[in-house]
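Descriptive analysis of the structure
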Protein chains: 2
Amino acid sequence: MPADEQQVPSVWARPRPQRRDHPALSRQQIVSAALQLLDTEGIDALSMRKLGTRLNAGATSMYTHVANKDELLELVVDEVYGEVEVPATGDPDGWRTAITGCAHSLRTTILRHPWIVSVLGETGLAYLGPNVMRLMEKMLAVFEEGGFGLQEADQAMNTVVAYVVGISTSEAATLTALARSGQSEQEWTQRLLPAAEEAARDHPRLRRLYAGQRGRRVREDRDDGFRLGLECVLEGVTARLTSTG
Amino acid sequence: MPADEQQVPSVWARPRPQRRDHPALSRQQIVSAALQLLDTEGIDALSMRKLGTRLNAGATSMYTHVANKDELLELVVDEVYGEVEVPATGDPDGWRTAITGCAHSLRTTILRHPWIVSVLGETGLAYLGPNVMRLMEKMLAVFEEGGFGLQEADQAMNTVVAYVVGISTSEAATLTALARSGQSEQEWTQRLLPAAEEAARDHPRLRRLYAGQRGRRVREDRDDGFRLGLECVLEGVTARLTSTG
DNA sequence: ACGGCTTGCGCACATCGTACGGACACACGT
DNA sequence: ACGTGTGTCCGTACGATGTGCGCAAGCCGT
């Protein structure tokens with residue numbers, strides 16, 4: 001070993017890359033990094049090793065802060081639910097606009113993190129994360145202030161959320177497929193349309209439907225469809241679950 | 001032994017374990033075996049190797065009939081959608097009962113194959129499988145016979161399906177978690193309830209809700225909730241998308 | 001000074017999807 | 001009769017994954 005090894009400190013002499021001045025990793029950091037990785041590269045790209053590298057950490061270092069990958073995903077999902085906004089209601093008639101706002105916020109949140117729908121089927125919504133609890137409580141509050149009883153508020157919430165999640169699942173799957181294809185939405189639909197028309201050969205109604213929307217069905221159409229469907233759901237909820245409806 | 005023993009020749013005389021008289025594996029066989037494996041052991045248990053073993057085949061033999069695992073999953077999903085029944089409508093007012101029946105069939109189909117919801121987020125509903133196409137066409141037909149225009153029928157179908165898929169996603173996730181825990185539904189909820197109440201500490205409405213359903217929320221309640229929500233959705237669809245509503 | 005506690009990490013293992021090339025049985029042109 | 005495909009099956013191998021285990025190293029109370 002040379003004497004002047006301090007000049008270019010050899011790996012051995014290095015004063016340990018300041019190890020434990022304070023914990024270099026935290027659960028929150030891990031969750032944030034995972035969220036970012038998921039958003040930029042999709043769900044298939046999330047591996048513990050890659051996540052570790054992002055955090056200048058070893059692959060298995062996360063296991064001191066998180067039990068396993070599934071638990072990490074649950075944490076990230078709850079983090080995402082924290083982004084959903086529930087407008088406050090002023091007057092008793094404001095519940096419908098508040099819930100409408102909440103539904104839109106939920107949808108855009110899901111579409112901002114499209115990978116989430118391939119995790120929902122495993123965690124469900126009933127896993128008791130704090131942000132999910134907060135969201136549910138707020139929605140229940142809105143319905144109650146709107147004159148719903150607790151049971152009816154619960155039923156209404158479940159119905160609305162189911163609709164939003166259902167629509168968003170299908171939309172998010174489309175978004176993911178589109179992102180994976182690397183094409184623009186125009187190219188993608190143009191390339192897919194012949195196959196769709198072929199598959200609809202024996203189905204006249206589907207053929208008419210496709211023909212009617214040749215090249216369309218872009219974001220604005222999906223937004224309108226969502227809005228209209230939501231109005232249907234709220235209409236029915238009003239009619240069946242309130243006395244004033 | 002009869003003279004025509006060539007019909008059942010001895011094992012040794014048999015002309016090679018009939019290799020290529022006709023292909024030993026078929027796409028349909030593979031899909032069926034995969035479906036059975038998924039139903040009995042869940043989505044994590046589906047690996048190409050295990051599937052091969054089930055079929056007395058090598059691990060990579062399936063790739064002559066199926067491009068890759070994702071494509072296999074798409075095929076299985078379409079197979080499952082083939083189980084959904086759409087009752088026929090006689091009179092123009094029958095659309096609502098027909099769609100109700102279809103919605104129930106869709107839900108029970110999903111709950112019979114709970115793993116499917118963790119695949120829906122990747123394939124979506126718009127992947128053009130023949131059974132999905134047939135299902136959509138039938139639903140559109142029911143709505144059209146009920147007096148809906150094509151656009152309105154499409155909108156109504158999307159709304160109803162979204163609601164059903166949304167509800168079923170959450171229910172299927174619960175079922176999967178329950179199956180993984182290996183406990184009975186009673187044990188499971190009993191064990192989870194303290195955690196739920198703890199998580200609801202700062203959320204009075206959720207606390208009341210949990211208190212009100214101590215130990216309940218079993219299958220009958222979920223069925224009733226689904227039915228009621230579906231009525232809401234159909235009510236709104238009637239009101240907003242038909243002229244007669 | 002010393003021993004426990006917490007945090008991070010290198011290594012190893014089992015398992016996964018699947019690319020590749022060979023083997024085998026048939027169909028067919030010559 | 002004999003090559004020459006052609007379609008089917010599988011043994012092997014490669015890279016990647018989740019994660020259990022044990023060690024190292026700083027920190028803290030004694």
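Residues numbered from 1 in each chain as written. Chains lettered and ligands numbered in written order. Predicted model: local features only at pLDDT ≥ 70, side-chain atom pairs only at ≥ 80, totals over all residues. Heavy atoms only, no water.

An unreviewed UniProt entry lists chain A under the name TetR/AcrR family transcriptional regulator, from Nonomuraea longispora.

This next bit is on the overall build of chain A. Broken down by element type, chain A carries 10 helices and zero strands. By residue count, 45% of the 245 residues in chain A fall in the buried class. Within chain A, residue pairs in contact and separated by at least 24 positions form 67% of the contacts whose partners lie at least 6 positions apart. With the model as given, the accessible surface of chain A reaches about 12,700 Å², and the carbon-plus-sulfur share is 51%. (Helix = DSSP H or I, 4+ residues; strand = E, 2+ residues; numbered from the N terminus. Buried < 20%, exposed > 50% of the residue type's maximum accessible area, 1.4 Å probe, protein only. Contact = heavy atoms within 4.5 Å. Areas by Shrake-Rupley, 256 points an atom, 1.4 Å probe, with all protein chains shown as cover.)

On to the pattern of salt bridges, then. Considering all chains together, one arrives at 32 salt bridges over all chains under this definition. Between arginine 54 of chain A and glutamate 41 of chain A there is a salt bridge; the shortest N-O distance is 2.7 Å. Residue arginine 54 of chain A is located in helix H2 (residues 48–54), and its partner glutamate 41 of chain A is located in helix H1 (residues 27–41); the two are separated by 13 residues in the primary sequence. Where arginine 205 of chain B meets glutamate 144 of chain A, a salt bridge forms, and the shortest distance between an N and an O atom there is 3.2 Å. Of this pair, arginine 205 of chain B sits in helix H9 (residues 204–212) while glutamate 144 of chain A is found in helix H6 (residues 130–145), placing the two residues in two different chains. Ionic contacts of the salt-bridge type, sharing partners, join the residues Arg96, Glu231 and Glu235 of chain A together with Arg240 of chain B into one network. (Salt bridge = Lys/Arg side-chain N within 4 Å of Asp/Glu carboxyl O.)

Notably, asparagine 56 of chain A is not glycine yet its phi reads approximately 50°, a positive angle. Among the residues examined, asparagine 56 of chain A registers a relative accessible area of 76% and is labelled exposed.

What follows deals with the relation of the copies chain B and chain A. The operation relating chain B to chain A is a screw motion whose rotation component is 180°, with 0.0 Å of axial translation and a residual RMSD of 0.1 Å. The superposition operator between the copies reduces to a two-fold rotation axis. Most of the interface of chain B is mirrored in chain A, where 100% of its interface residues are also at the interface. (Least-squares fit on C-alpha atoms with pLDDT ≥ 70 in both.)

In this structure, Leu51 of chain A together with Leu51 and Phe143 of chain B are the most contacted members of the largest nonpolar core, which totals 135 residues. Ignoring any residue separated from it by four or fewer positions in sequence, one finds leucine 51 of chain A in contact with Ile30, Ala33, Ala34, Leu37, Leu46, Met62 and Leu72 of chain A. (Core = buried A, V, L, I, M, F, W, Y, C linked by side-chain atoms within 4.5 Å.)

What follows is about empty space enclosed by the protein. Per the stated rule, a full pass over the model turns up three cavities of 30 Å³ or more. If you go around the largest cavity, the residues you meet are Val117, Leu120 and Thr169 of chain A together with Val117, Leu120, Gly121 and Thr169 of chain B. Sorting the residues of the lining of the largest cavity by element identifies helix H5 (117–123) of chain A together with helix H5 (117–123) of chain B as the ones contributing at least two each. Tallying contributions element by element places H5 of chain B first for the lining of the largest cavity, with three residues. The residue makeup of the lining of the largest cavity, split by class, is four nonpolar, three polar and no charged. (1 Å grid on protein atoms, 1.4 Å probe; cavity = no way out; pocket = protein on both sides within 12 Å on 5 of 7 lines; lining within 4 Å. Points joined across faces, edges and corners; volume = space filled by probe spheres on them. Nonpolar A, V, L, I, M, F, W, Y, C, P; charged D, E, K, R; others polar.)

Counting residues at the interface gives 53 residues for chain B, matched by 53 residues for chain A. Around 4,900 Å² of area is buried between chain B and chain A when both sides are counted, 64% of it from carbon and sulfur atoms. Of all residues in chain B, the largest losses of buried area upon contact with chain A belong to Glu137, Arg205 and Arg240 of chain B, amounting jointly to 13% of the total for that side. On the surface where chain B and chain A come into contact, there are 12 residue pairs in polar contact (both at pLDDT 80 or more). Only H5, helix H6 (130–145), helix H7 (150–181), helix H8 (185–199), H9 and helix H10 (219–241) of chain B provide two or more residues apiece to the side of chain B that touches chain A. Grouping the amino acids of the side of chain B that touches chain A by side-chain chemistry returns 27 nonpolar, 13 polar and 13 charged. (Buried area = accessible area lost by both parts, 1.4 Å probe. Polar contact = N/O pair within 3.5 Å; in protein donor to acceptor, adjacent residues only side chain to side chain.)

Compared with the 21 Å implied by 1.5 Å per residue over 15 residues, the 20 Å span of H8 of chain B between its first and last C-alpha is a close match. A maximum bend of about 35° is found in H8 of chain B at leucine 193 of chain B, where proline proline 194 of chain B lies one to four positions downstream. Those residues of H8 of chain B lying buried are Trp188, Thr189, Leu193 and Ala196 of chain B. Packed against the buried residues of H8 of chain B are H6 of chain A together with H7 and H9 of chain B. (Expected span 1.5 Å × (residues − 1). Bend = angle between axes of the 7 residues up to and from the residue.)

Residue and element names in this part refer to chain A. Throughout the structure, instances matching the rule amount to eight aromatic pairs over all chains. Seen from their ring centres, tyrosine 163 and phenylalanine 226 are 5.8 Å apart, and the 10° between their planes marks the pair as stacked. Residue tyrosine 163 is located in helix H7 (residues 150–181), and its partner phenylalanine 226 is located in helix H10 (residues 219–241); the two are separated by 63 residues in the primary sequence. No difference in accessibility class separates tyrosine 163 from phenylalanine 226, as the two residues are buried. Members of the aromatic cluster, joined through ring pairs, are Trp95, Phe143 and Phe148. (Phe/Tyr/Trp six-rings, centres within 6.5 Å; stacked < 30°, edge-to-face > 60°.)

The sites that UniProt annotates as "DNA-binding region" (unreviewed entry) are residues 47–66 of chain A. Between the C-alpha atoms that bound residues 47–66 of chain A the distance is 14 Å, and the span itself is 35% helix and 0% strand. (UniProt positions renumbered as here; feature names shortened; annotations may be inferred.)

Glancing now at the packing of helix H4 (residues 95–112) of chain B against H10 of chain B. Residue and element names in this part refer to chain B. Put simply, H4 and H10 touch, their axes get as near as 11 Å, and they point 140° apart. Considered as vectors, H4 and H10 are oriented oblique to each other. Here H4 and H10 pass one another in a crossing that is right-handed. Touching Trp95, Arg96, Ile99, Thr100, Ala103, His104 and Arg107 of H4 are Arg222, Asp223, Phe226, Arg227, Leu230, Glu231, Leu234, Glu235, Val237 and Thr238, all from H10. By residue class, the composition of the contact of H4 with H10 is seven nonpolar, three polar and seven charged. (Axes fitted to C-alpha atoms, helices over the stretch in contact; angles between N-to-C directions. Parallel < 35°, antiparallel > 145°, perpendicular 65-115°, else oblique. Left-handed = near helix turned anticlockwise from the far one by under 90°.)

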